[in-house]
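A structural walkthrough
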Amino acid sequence: MKYLIGNHKMNLSEAELKSYFKSLKKIAKNSSNFVGVCVPYVYLPLANKMCKNTKIHYGAQNMFYEKNGAFTGEISADMLKDFNTEMVIIGHSERRNIFKETDELVNKKVLSALANNLKPIICVGETKDERENKQTNKVLKTQIKKALANVEAQSLNQIIFAYEPVWAIGTGVSATVEVAEKTIKFIKEIIAKMYDLQDLNKIIVLYGGSLNEKNGFELLSQSHIDGGLIGGASLKTEKFEKIINIKI
Ligand code: PEP
């Protein structure tokens, strides 16, 4: 079983998402994979309605860590739960880069998501410069350690990690299979070491960054890659379906 989770970002209208869910419902029904989609906040009521009694898992793309208060424009974990939201992307590189989210903020959001029974999808990844300067391992180690500060071992099975090299997101150029597999194994080893775990298979890490129906088979065939966080190629069910139906 692989996790195939779409990240719609700021895309699709309500009408488009309605027909999207109608098609995805059938695709998910016939799949043994975990099929998920993270939609803009305003479409969570629609997801709640349309994904009920289906095999589609849905989530939000962000949240704030406080319970309530004077935080104009923000959405709390409780509000997400009001619409039976199961997952929430935290620390996506677009949030880190455009909205200047820090590792400390990511950690607060992770703790709040876990406390509210949401599955955080924690995104980590290096920039092109960092990779070229051989900083990848150092950057990932810092992002992971800071994201997981004060997270208890028993919460790990509630977390999905996503390795998303920034240089591969939305560029059409994915990481090579070798790089993706090696880096994901490294991520699992860091987490295993932090929590004294013997079995790397207990840690779920997805690959994200220009994963599509063409390169999906190779990437998803790797033993440490537990699935994909998929942006562009998840926006049309015809494309997403081809990834969901890849036979490993
Ligand atoms: C993403 O934004 O999480 C992502 C992986 O995007 P894309 O697949 O479009 O590179």
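Up top is the structure these notes are about.
Just so you know, these numbers come straight off a predicted model, no measurement behind them. (Residues numbered from 1 in each chain as written. Predicted model: local features only at pLDDT ≥ 70, side-chain atom pairs only at ≥ 80, totals over all residues. Heavy atoms only, no water.)

**Remarks on the site of the ligand**
Short version of the rule: Only heavy atoms are used to decide nearness, and a residue is near a molecule or strand if one of them lies within 4 Å of it. We call two N or O atoms a polar contact when they sit within 3.5 Å, provided that within protein one can donate a hydrogen and the other can accept it, with sequence-adjacent residues counted only if both atoms are side-chain atoms. Gly is placed with the polar residues, together with every amino acid not listed as nonpolar (Ala, Val, Leu, Ile, Met, Phe, Trp, Tyr, Cys and Pro) or charged (Asp, Glu, Lys and Arg).
Close to the ligand lie 14 residues, the nearest being Lys9, His92, Glu164, Gly170 and Ser210. Here an oxygen atom of the ligand sits 2.8 Å away from a polar atom, N or O, in the side chain of glutamate 164. Across the shell around the ligand, the residue classes break down as four nonpolar, eight polar and two charged.

**Focus on the side chain of asparagine 215**
This is how it is decided: A run of H or I in DSSP becomes a helix once it reaches four residues, and a run of E becomes a strand once it reaches two; helices and strands are each numbered from the N terminus. What makes two residues a contact is simply this: any of their non-hydrogen atoms within 4.5 Å.
Assignment of secondary structure puts asparagine 215 in the loop between strand S7 (205-208) and helix H9 (216-220). Here the side chain of asparagine 215 touches serine 174 through a polar contact of 3.4 Å, side chain to side chain. Among the polar contacts made by the side chain of asparagine 215, one reaches the main-chain amide nitrogen of asparagine 212 at a distance of 2.7 Å. Not counting residues within four places of it along the chain, the set of residues in contact with asparagine 215 comprises Ser174 and Ser210.

**Notes on the packing of helix H5 (residues 103-115) against helix H7 (residues 136-147)**
Our working definition: Every angle, taken between N-to-C directions, lies between 0 and 180 degrees, and every axis is a line fitted to C-alpha atoms, over only the stretch in contact when it is a helix. Just so you know how the angles are binned, under 35 degrees is roughly parallel, over 145 roughly antiparallel, 65 to 115 roughly perpendicular, and the rest oblique. Crossing handedness is defined as follows: a turn of the near helix away from the far one that is anticlockwise and smaller than a right angle gives a left-handed crossing, while the clockwise case is right-handed.
Across the interface, H5 lies against H7 with an axial gap of 8 Å and an inter-helix angle of 40 degrees. In terms of orientation, H5 lies oblique with respect to H7. Viewed along their axes, H5 and H7 form a crossing whose handedness is right-handed. Counted together, Asp103, Glu104, Val106, Asn107 and Val110 of H5 and Thr142, Gln143, Lys146 and Ala147 of H7 form the full contact between these two elements.

**Brief notes about the packing of aromatic side chains**
Any pair of aromatic rings gets described here by the distance separating the centres and the angle formed by the planes. Put simply, the rule reads: Centres within 6.5 Å are what make two rings of Phe, Tyr or Trp a pair, Trp counting through its six-membered ring; a difference in plane orientation under 30 degrees is then read as stacked, over 60 as edge-to-face, and the rest as tilted. Remark: exposure states derive from per-residue accessible area (1.4 Å probe, protein chains only) relative to the maximum for the residue type, with buried under 20%, exposed over 50%, and partly exposed in between.
Counting across every chain of the model gives five aromatic pairs. Both rings, one in tyrosine 3 and one in phenylalanine 34, keep their centres 4.8 Å apart while their planes meet at 40 degrees; by these two values the pair is tilted. Remark: phenylalanine 34 occurs in strand S2 (residues 34-38) and tyrosine 3 occurs in strand S1 (residues 3-7); sequence separation between them is 31 residues. Like phenylalanine 34, tyrosine 3 is buried. When the ring of tyrosine 20 is compared with that of phenylalanine 21, the centres are 6.3 Å apart and the planes differ by 75 degrees; the resulting orientation is edge-to-face.

As far as function goes, none of this settles anything; it's purely spatial.
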